[in-house]
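# Summary of structural features
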Amino acid sequence: ISGNEKIGGIAGETSNSYISYCINNGDITASSDVGGITGYNSTETTIFACDNNGVIKGSYDSVGGISGYSGRISQCNNYETVSSLSDVGGIVGRGYYTVESNNNYADIVGTRYVGGIVGYGSAKNCGNSGNITCTEGNYTGGISGNGTAKYCYNTGNITSSGGYTAGILGYGDAEYCYNTGSVNSDKYHVGGIVGCGNAKNSYNTADICERKSKTDG
């Protein structure tokens, strides 16, 4: 499947809908608002128990394994690579609400706001085991680039050329989370749980490496 904006394996755009038990097996290439199940959803749309098995490739923003831009998402899984520029996530690129009980098992690649579950947004009871790579900008996390996380875990390796990089959240507040994946960044604000923000009742067991360049001072 290929197109420009609002492209999905099941539906391109939805409004006030309930989508459940759907599977996408096809590769998708588009610009923005791209997802394995839906491209763009209204705030009142819910996606439940859906899986993506296709490679998702965007060229701009809001790109996710399940949805590019979405409301409520729960009990969904992504099993294939997701890549784009900004707001890139294993489950959703940019989320309105906290996504719950989702898992990502594939590698995620972007240039800023990159997360194993959400590129920009919040997550609860979610897990990521895919490797996360940010090739240029800031805000990279095993769960979310920017948001909140509760009862989440990451086991994938995190690599970033920018700042605000961590095993759970690049920027934001985490609670009852853990990270076992290595974290490597070329710049600043690097942590096992959060790059910049607050962490409560959480733990990290992985190596953290900040490869600060000479131009950073």
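This section reports on the structure supplied with the text. Because the structure is predicted, anything quoted here is derived from the model rather than measured.

Looking now at the overall build of the protein. Looking only at helices and strands, the protein has zero helices and 37 strands in total. Here the protein has a C-alpha radius of gyration of 15 Å; the compact-globule value for 217 residues is 17 Å, and the two agree. Based on the C-alpha atoms only, the size of the protein along its principal axes is roughly 45 × 35 × 25 Å. Scored against the burial criterion, the 217 residues of the protein give a buried share of 54%. Of all intrachain contacts in the protein linking residues separated by at least 6 positions in sequence, the fraction that spans at least 24 positions is 75%. Accessible surface for the protein amounts to roughly 8,500 Å². Of this, 42% is attributable to carbon and sulfur atoms. Within the protein, the 18 negative side-chain charges are centred at a point lying 6 Å from the centre of the 12 positive side-chain charges.

This part takes up the environment of G95. Mapped onto the fold, G95 is located in strand β17 (residues 92-95). For G95, the contacting residues outside a window of four places in its chain are S70, V118, Y120 and G121.

Rules and cut-offs
- As a convention, each chain's residues are numbered from 1 in the sequence order in which they are written.
- For this predicted model, a pLDDT threshold of at least 70 governs which residues receive local features, and a threshold of 80 or more governs which side-chain atom pairs are given and counted, while totals over whole chains, interfaces and linings are taken from all residues.
- Side-chain measures here rest on the full set of heavy atoms in the structure, leaving out hydrogens and waters.
- In this description a helix means any DSSP run of H or I spanning at least four residues, a strand means any run of E spanning at least two, and both kinds are numbered starting from the N terminus.
- What the globule rule says is 2.2 Å times the number of residues to the power 0.38, and the radius of gyration is computed from C-alpha atoms.
- Whether a residue is buried, partly exposed or exposed follows from its accessible area with a 1.4 Å probe, protein chains only, as a fraction of its type maximum: under 20%, in between, or over 50%, in that order.
- Note on contacts: a residue pair qualifies if any of its non-hydrogen atoms lie within 4.5 Å across the two residues.
- Per-residue and other accessible areas follow the Shrake-Rupley method at a 1.4 Å probe size, with only the shown protein chains counted as cover for residues.
- Counted as positive: Lys and Arg. Counted as negative: Asp and Glu, with His and the chain ends omitted from the count.
- The location of each charge is read from NZ of Lys, CZ of Arg, CG of Asp or CD of Glu.

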